[in-house]
Each structure stands twice: as structure tokens, then as C-alpha cells.
Amino acid sequence: MEVIETRQQLRTWRGKVYGSVGFVPTMGALHEGHLSLVRRSLSENPWTLVSIFVNPRQFGPNEDYQRYPRTLETDLRLLENLGASAVFTPPVEEIYSPEDEVHISLTRLSRLWCGSYRLGHFDGVALVLTKLFHLIAPSRAYFGEKDFQQVRIVEKMVEELFFPIEIVRCPTVREPDGLAMSSRNTYLSPRGRAQAVALYKVLQYIQTLAPTTHRTAELLQEAQTYIAERFPDVKLEYIAIVDEYSLQPIDHLRQSARPRALIAAYVEGVRLIDNLLLTPPEEES
Ligand code: AMP
């Protein structure tokens with residue numbers, strides 16, 4: 001496995017490889033969620049490049065850029081064992097300069113949900129991915145559904161900017177109790193960790209109600225009560241039921257062929273997100 005730190009080394013590597021290149025962008029602190037993306041890429045491409053880059057532009061001023069977990073040595077070992085072809089782990093100066101002129105400003109999808117609480121977050125994601133897509137020129141890029149709004153925005157961006165890249169969505173990998181794996185889970189105390197399962201539990205609860213309750217206002221009201229009663233330490237940021245293509249809220253499950261529940265919440269000051277595709281209702285209520 002080649003460990004690449006500069007754009008020049010990356011160009012050299014890219015010039016040597018033939019056939020499809022699968023690309024898995026990450027911020028490191030790798031867990032099974034990330035590794036599932038790498039395995040998928042390995043199964044679909046002769047070459048798989050993983051990037052590990054904690055992107056400063058996607059963190060707000062009061063967010064956790066400085067303390068974001070960095071475990072490069074372990075990450076490299078995991079990727080080597082899986083059989084990744086190369087890892088791109090550039091220093092910040094290799095990607096950004098203080099004199100940079102280009103900023104990407106996204107509009108509709110990125111102003112909803114997470115984007116309305118993390119101003120500029122998706123602009124930063126789009127900028128780093130645009131740079132990485134140009135440098136790496138992958139055939140396919142792999143993203144987790146765990147960050148559902150992100151993968152929808154990336155799909156839209158790739159379509160609009162004519163990147164000849166296939167975006168591959170991969171299912172969310174969960175802990176045995178259902179908590180979506182996340183690098184940020186390591187911030188939680190044992191008590192916080194026990195409360196964090198609320199996000200998945202409430203999504204499942206919505207799913208159990210969905211066959212009989214089709215009005216989303218009712219579902220969301222039930223969901224809020226569920227959290228307040230069972231998980232007092234969980235501070236809900238938003239919970240929504242949307243059409244998964246447009247990310248627009250829906251009033252009734254039948255309004256979308258693919259209704260998806262999205263949630264973001266704080267536990268012990270740690271921001272967690274999750275989402276679940278709701279099985280469409282079979283009968284009218
Ligand atoms: P991150 O390192 O948080 O930027 O994530 C890198 C990629 O891994 C993104 O495409 C995420 O959606 C994906 N990812 C993170 N956690 C999970 C998970 N639990 N299951 C599936 N994919 C994940």
C-alpha cells in the first residue's frame with residue numbers, strides 16, 4: 001500500500017494505474033463504517049485509494065476541528081490489512097492556501113437540516129471533494145448513507161459539475177445495539193453512550209408506527225415524546241421526515257416513494273446524526 005502525502009506523488013501514482021479507481025474519502029479515525037466502504041470499493045475496482053484528511057473548511061468556528069480524533073497509524077494498519085492500494089493523507093497546506101480564491105457556495109439542498117445548523121459545512125465538503133475528485137480522477141467514489149444529506153448533495157454536485165464519477169451509496173454500519181458507527185462516538189462517556197442509542201431507537205419507533213400512522217406531523221410528535229420520556233439526556237436538534245430525493249419535508253408518507261426520517265441530536269455536547277428509510281405505507285389511514 002502506498003502512502004501518499006503530496007499532490008505530486010499522487011499524480012505519479014495516478015499515472016501508473018490502469019482500470020477503474022475506487023475512491024473512499026474519509027477524515028480518518030476509521031471504524032467498520034469506513035471499512036465497509038473500502039471493502040465495497042475493493043470488490044468493484046482493481047485500485048482503491050482512501051483519503052484521510054480532516055478538512056478544516058467543513059468545521060464551524062465552534063466545532064471540534066482541533067480535537068477531532070486522529071489515529072493515523074492505526075488507520076494505515078487497518079487499510080493495509082484490507083488490501084487498499086493507496087492512502088492519500090495530505091497536510092492542510094497541500095490542499096489549501098491562505099491566498100485561495102475559490103469558495104463553493106451551495107444553495108438549496110445544503111441549506112436544509114444539518115446545513116441550517118452547520119452554516120458553510122456543506123460548502124466546505126463540496127470544496128474539498130471537488131479538489132480531491134480533480135486530483136484523484138476516480139471512476140467511482142463511495143459514501144455512507146449514515147451522512148444522508150451529504151451523499152445527496154454529492155450526487156447533485158457531481159451531476160451538475162459533470163464529474164465523470166459514479167457515486168456509490170453504502171448502507172449505514174451500526175453497533176450491535178443499533179447506534180450508527182461514528183468517529184465522534186469515542187467522545188461519549190459510558191452513560192452518554194447508553195443514551196446515544198436513542199437516535200436509532202426513535203427512528204425504529206417511527207418505522208413501527210408508519211404502517212398505521214401516515215401523517216408525518218403525528219409521527220414526529222410521537223417521536224419527540226418518545227425521546228423526552230426515555231432519553232432525557234438527548235437534546236434533539238431536528239427530526240424530520242423527508243422525500244429522500246428532494247430532502248423536502250412531506251406531510252404524509254404517501255407523498256414520497258422513498259420517505260426517510262432524519263435526526264440530529266446532542267448527547268453530552270456531542271453532535272450525532274442518523275437516518276432511516278421508512279417502508280412506504282400499504283393502506284390509507
Ligand atoms: P467521515 O470520516 O466521517 O468523513 O466519513 C467518511 C465516509 O464514511 C462518509 O462517506 C461517511 O458517510 C462514511 N461513514 C461514516 N460512518 C459510517 C457508518 N456508520 N456506516 C457507513 N458509512 C459511514
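Residues numbered from 1 in each chain as written. Predicted model: local features only at pLDDT ≥ 70, side-chain atom pairs only at ≥ 80, totals over all residues. Heavy atoms only, no water.

Side note on the nonpolar core
Link 1 in the chain: Ranked by size, the top nonpolar core spans 45 residues in total, and within it Leu49, Trp113, Leu129, Phe133, Phe143 and Ile167 carry the most contacts.
Link 2 in the chain: With nine residues, the single largest contributor to this core is helix α7 (residues 121–136).
Link 3 in the chain: Counting the residues that make up this core, at least three belong to each of domain 1 (2–170) and domain 2 (183–276).
Link 4 in the chain: If you look at the next biggest cluster of nonpolar residues, it comprises 37 residues, including Tyr187, Val197, Leu209 and Ala265. (Core = buried A, V, L, I, M, F, W, Y, C linked by side-chain atoms within 4.5 Å. Buried < 20%, exposed > 50% of the residue type's maximum accessible area, 1.4 Å probe, protein only. Helix = DSSP H or I, 4+ residues; strand = E, 2+ residues; numbered from the N terminus. Domains from an automatic or database assignment.)

Observations concerning the site of the ligand
Link 1 in the chain: Residues in close proximity to the ligand total 17 residues, the closest being Met27, His34, Asp147, Val173 and Met181.
Link 2 in the chain: Interatomic distance of 2.9 Å between a side-chain N/O atom of His34 and an oxygen atom of the ligand.
Link 3 in the chain: Within the contact set of the ligand, an oxygen atom lies 3.0 Å away from a backbone nitrogen or oxygen of Gly144.
Link 4 in the chain: For the shell around the ligand, the elements supplying multiple residues, two or more each, are β2 (21–26), α2 (32–44) and β5 (140–144).
Link 5 in the chain: Top contributing element to the shell around the ligand by residue count: α2, with three residues.
Link 6 in the chain: Class assignment of the residues belonging to the shell around the ligand gives a composition of eight nonpolar, seven polar and two charged. (Near = heavy atom within 4 Å. Polar contact = N/O pair within 3.5 Å; in protein donor to acceptor, adjacent residues only side chain to side chain. Nonpolar A, V, L, I, M, F, W, Y, C, P; charged D, E, K, R; others polar.)

Quick word on the sheet that holds strand β6 (residues 166–170)
Link 1 in the chain: Spatially, β1-β4-β3-β2-β5-β6 is the arrangement adopted by the six strands of the open sheet, whose pairing is parallel. Both edges of this open sheet fall to β1 (2–4) and β6, since each of them pairs with a single strand only. Taken over all neighbouring pairs, the strand axes of this sheet differ in orientation by 25° on average, direction set aside.
Link 2 in the chain: Alignment of β2 against β5, held across two bridges, turns out to be parallel. Of the residues in β5, the one forming a bridge with Gly22 is Arg140.
Link 3 in the chain: Relative to the sheet, α7 contacts β2, β3 (47–52), β4 (86–88), β5 and β6, its axis offset from that of β2 by approximately 150°.
Link 4 in the chain: Taken strand by strand, helix α8 (residues 148–160) contacts β5 and β6, and its axis lies near 165° from that of β6. (Pairing = 2+ DSSP bridges. Axes fitted to C-alpha atoms, helices over the stretch in contact; angles between N-to-C directions. Contact = heavy atoms within 4.5 Å.)

Some remarks on the environment of Arg254
Link 1 in the chain: Within the secondary structure, Arg254 sits in the loop between β7 (234–243) and β8 (259–267).
Link 2 in the chain: The exposure class assigned to Arg254 is partly exposed, which follows from its relative accessible area of 42%.
Link 3 in the chain: With 106 residues separating them in the primary sequence, Arg254 and Phe148 have C-alpha atoms 21 Å apart.

With respect to the pattern of salt bridges
Link 1 in the chain: Following the criterion strictly, the structure yields 22 salt bridges and no others.
Link 2 in the chain: Arg57 is paired through a salt bridge with Asp100; the nearest N and O atoms lie 3.5 Å apart. Residue Arg57 is located in the loop between β3 and α3 (72–82), and its partner Asp100 is located in the loop between α4 (92–95) and α5 (108–111); the two are separated by 43 residues in the primary sequence.
Link 3 in the chain: Linking Arg140 and Glu166 is a salt bridge whose minimum nitrogen-to-oxygen distance equals 3.0 Å. With Arg140 in strand β5 and Glu166 in strand β6, this residue pair connects regions lying 26 residues apart in the sequence.
Link 4 in the chain: Overlapping salt bridges, with partners in common, bring together Glu145, Arg152, Glu155, Arg169, Glu244, Arg258 and Arg260 in one network. (Salt bridge = Lys/Arg side-chain N within 4 Å of Asp/Glu carboxyl O.)

So, the packing of aromatic side chains
Link 1 in the chain: Counted according to the given criterion, the structure contains ten aromatic pairs.
Link 2 in the chain: Between Phe23 and Phe133 the ring centres are 6.2 Å apart and the planes differ by 85°, which places this aromatic pair in the edge-to-face class. A residue pair is termed long-range when its members are at least 10 positions apart, and Phe23 in strand β2 and Phe133 in helix α7 qualify at 110 residues. The same class applies to Phe23 and to Phe133, which are both buried.
Link 3 in the chain: Centroid distance Tyr117 to Tyr238: 6.0 Å. Interplanar angle 15°. Geometry classified as stacked. Of the two residues, Tyr117 sits in helix α6 (residues 113–117) while Tyr238 sits in strand β7, which places them 121 residues apart along the sequence.
Link 4 in the chain: Looking at Tyr117, the relative accessible area reads 44%, which means it is partly exposed.
Link 5 in the chain: Three or more aromatic residues joined by ring pairs make a cluster, and in this case those are Phe23, Phe133 and Phe163.
Link 6 in the chain: The ring of Tyr65 is capped by Arg70, whose NZ or CZ atom sits 5.0 Å from the centre of that ring. (Phe/Tyr/Trp six-rings, centres within 6.5 Å; stacked < 30°, edge-to-face > 60°. Lys NZ or Arg CZ within 6 Å of the ring centre and 35° of its normal.)

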